[in-house]
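What follows is each chain in one-letter form.
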Amino acid sequence: MAKSEWYKNMSVYQIWPRSFCDGNGDGVGDLWGVLEKLDYIKSLNVDAIWFSPLFPSPNADYGYDISDYMDIHPDYGNLHVFRQVLDGAHARGMKVFMDLVVNHTSDEHRWFVEGRKDRNSPYHDYYFWRKGRRTRSGRRLPPNNWSSVFEGGAWEYDEKLDEYYLHVFARKQPDLNMANPRVRAEVKNILRFWLDLGVDGFREDVITFIAKDEGLPSSYPPLPVANGINHYANRPKAHDYLKEFKRDVLDFYDCFTVGESPMTTPEVALRYIDEGGDKVLDEMIAFSHMEADCFMLDMLQMPFNLVKMKRAFSEWQTKLQGKAWNALYIENHDHPRIISRYGSEEYRTESGKMLAAMYILQRGTPFVYQGQEIGMLNINLPELGMYKDVMAQNNIDIATRFMPRSTAMKLLARSSRDNARTPFQWTDGENAGFTEGIPWFCVNENYKQINAAQQEDDPNSLLNFYRAILKFRKETPVAVWGDYKEYYPKDRNFYVYAREYEGKRLLVICSFTKKAVRFDAPEDFDLNAGRLVFSNYESNFFIMNGFTSRPYEMRVYYFE
Ligand code: GLC
């Protein structure tokens, strides 16, 4: 089937199911809850839903450790209710994408359980089982010096087999050996299973990690986190495997794929997504624009650097222009809330609107993460015991090597993924309307002020702004197809860019400060000739082709 490019003008809503909406009163979000909210999702003017993993999982990494790829977690429902959600989404004109997590499984997956029982089991070679090394004095060492992204070393020893298995993420997430053709055949079955059920595509979890260098060599000099990554990120074989999945399965369906690729540059991403090249994925999720207030990891914080953020966005925009399509996002389940990071909690609605316009009007497919559209904020958990995320303990262990524990705890509170995983704030009623039971995770106390119900009828709310801008983007060709050009890249207050398509232009002006700063339009724009299509303040006059900004002011002008 010829693949169409419908994904280029769609926008996507991401659901992290555990915290979206509880339909059966057990305190955990589920598909019955999603069913109730399909009209709400549609009302945002999105065209698709991406579900973070819905599959059975012991939840060591909240669904990203899968124990059965062809079923639904009993916490979330069953295949019957999933079909209802799928049909309900389709009936409303929305596509549905699943999360494909095949770099690793859960250690409770049948394949791992079987392979662990017996070295001669066909499942043994589904994973990386290796003998340890010995020091001269006879001490046992893991097979190489790689470290895990989540928990200490990347190898776990099994007494009975006298072997280690590899886990790049948590101990309970053993890596699959994709070099084994049987594993690839399993992946293809998983893809077919969901596509045949009617899903429309996949977000592919850490997909650029699926090939490991032959011989699994140690890596020097060792990095404090994810040592060994140079031997498992973007190895040439990863492209081969994806090509095989495409050739044998995906090409038979009109479906969409977006890969996730930590620490990737546009050049590397293009190997997978270049439309003029050997394209194996439709889009790639970038990370560099999420590092403007930290160094590589959210935990290693630095003051927000606007120039760094702009450079990252512009690099992806310009390097992909005419070649490939961007995946645009500023929030997901892996990062703290964006207003608490790049915006201002004090100017929550203003900065929330500014951030929305800032990324949604770039070239690419916008993704909106649940709660982002109502401006949910970080929860800042005070005690380690309150965290749910497996990463929290690891980050504290690493950070306390370099700093006092109290400082590390402060950094964790601001940077933890748990900030984005608190229950969705639907109303100002009990448990923010998320559940009638006891919520599985604490509800942010600010739910009385910040909730969807309260924003529903307010024409100036952030929620209604998201609806309007997503609608505008879809209906305005220059917002979808226009070329991107940045102005004043070194400016420390404003992010300014233009889009241009078939004689129409958009000028997007975003202030990232609460200070009053004079803005002068670029020479090739006469604000008199433009129509103001979005702003986050009333009365938007200008003087001499510019204005003095109000806190986090945003304006979007349209030129015909
Ligand atoms: C991806 C997911 C993240 C998960 C990790 C390991 O980065 O987005 O949530 O923890 O992969 O599966």
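For the structure, see preceding data.
The 3 strands lie next to each other as β4-β8-β7, forming an open sheet whose pairing is antiparallel. Looking at which strands have only one partner, the edges of the open sheet turn out to be β4 (129-130) and β7 (155-158). Bridging between β4 and strand β8 (residues 163-166) involves 2 bridges; their strand directions are antiparallel. Counted as the bridge partner of Arg130 is Tyr164 from β8.

We now examine the packing of helix α11 (residues 390-399) against helix α12 (residues 405-415). For the pair α11 and α12, the least separation of the axes is 9 Å and the interaxial angle reads 140°. What the angle tells us is that α11 and α12 run oblique. Where α11 crosses over α12, the handedness of that crossing is right-handed. Taking contact as the criterion, the partners of Ala392, Asn395, Ile396 and Ala399 in α11 are, on α12, Arg405, Ala408, Met409 and Leu412. In the contact of α11 with α12, the residues fall into 6 nonpolar, 1 polar and 1 charged.

Next up on the list: the site of the ligand. The immediate surroundings of the ligand are formed by 14 residues, with Asp61, His104, Asp205, Glu260 and Asp334 found nearest. At a separation of 2.9 Å, an oxygen atom of the ligand approaches a polar side-chain atom of His104. Asp334 places a side-chain nitrogen or oxygen 2.4 Å from an oxygen atom of the ligand. Out of a free accessible area of 300 Å², the ligand has 96% covered by protein chains. Residues that form the shell around the ligand fall into these classes: 4 nonpolar, 3 polar and 7 charged.

Once that is clear, we can look at a nonpolar patch on the surface. On the surface, a cluster of nonpolar side chains totalling about 490 Å² of accessible area is made up of Met263, Phe295, Met296, Leu300 and Met302. Relative to the elements of secondary structure, Met263 occurs in the loop between β10 (256-260) and α7 (266-273).

Within the element layout of this structure, Tyr342 appears in the loop between α9 (338-341) and α10 (348-360). As a C-alpha pair, Tyr342 and Ile330 span 12 residues in sequence and 9.5 Å in three-dimensional space. With residues near it in sequence (within four places) discarded, Tyr342 still touches His289, Met290, Glu291, Ala292, Asp293, Phe304, Met309, Leu355, Phe512 and Tyr552. Of the polar contacts made by the side chain of Tyr342, one reaches the backbone oxygen of His289; its length is 2.7 Å. At 3.1 Å, the side chain of Tyr342 forms a polar contact with the backbone nitrogen of Ala292.

Quick look at the pairing of strand β18 (residues 504-511) now. Across the 8 residues of β18, 7 count as buried, placing the element largely inside the fold. Of the pairings in the sheet, the one linking strand β17 (residues 494-501) to β18 comprises 8 bridges and is antiparallel in character. Residue pairing for β18: Tyr495 is matched across the bridge by Cys510. The hairpin formed by β17 and β18 contains 2 residues between the paired strands, and Glu502 there has a positive phi angle of roughly 45°. Where β18 and strand β22 (residues 554-559) come together, 6 bridges link them in antiparallel fashion. For Leu507, the partnering residue across the bridge sits in β22 and is Tyr557.

Criteria and thresholds
Residues numbered from 1 in each chain as written. Predicted model: local features only at pLDDT ≥ 70, side-chain atom pairs only at ≥ 80, totals over all residues. Heavy atoms only, no water. Pairing = 2+ DSSP bridges. Helix = DSSP H or I, 4+ residues; strand = E, 2+ residues; numbered from the N terminus. Axes fitted to C-alpha atoms, helices over the stretch in contact; angles between N-to-C directions. Parallel < 35°, antiparallel > 145°, perpendicular 65-115°, else oblique. Left-handed = near helix turned anticlockwise from the far one by under 90°. Contact = heavy atoms within 4.5 Å. Nonpolar A, V, L, I, M, F, W, Y, C, P; charged D, E, K, R; others polar. Near = heavy atom within 4 Å. Polar contact = N/O pair within 3.5 Å; in protein donor to acceptor, adjacent residues only side chain to side chain. Areas by Shrake-Rupley, 256 points an atom, 1.4 Å probe, with all protein chains shown as cover. Patch = residues over 30% accessible without salt bridge, like charges linked within 9 Å, V, L, I, M, F, W, Y side chains within 5 Å. Salt bridge = Lys/Arg side-chain N within 4 Å of Asp/Glu carboxyl O. Buried < 20%, exposed > 50% of the residue type's maximum accessible area, 1.4 Å probe, protein only.

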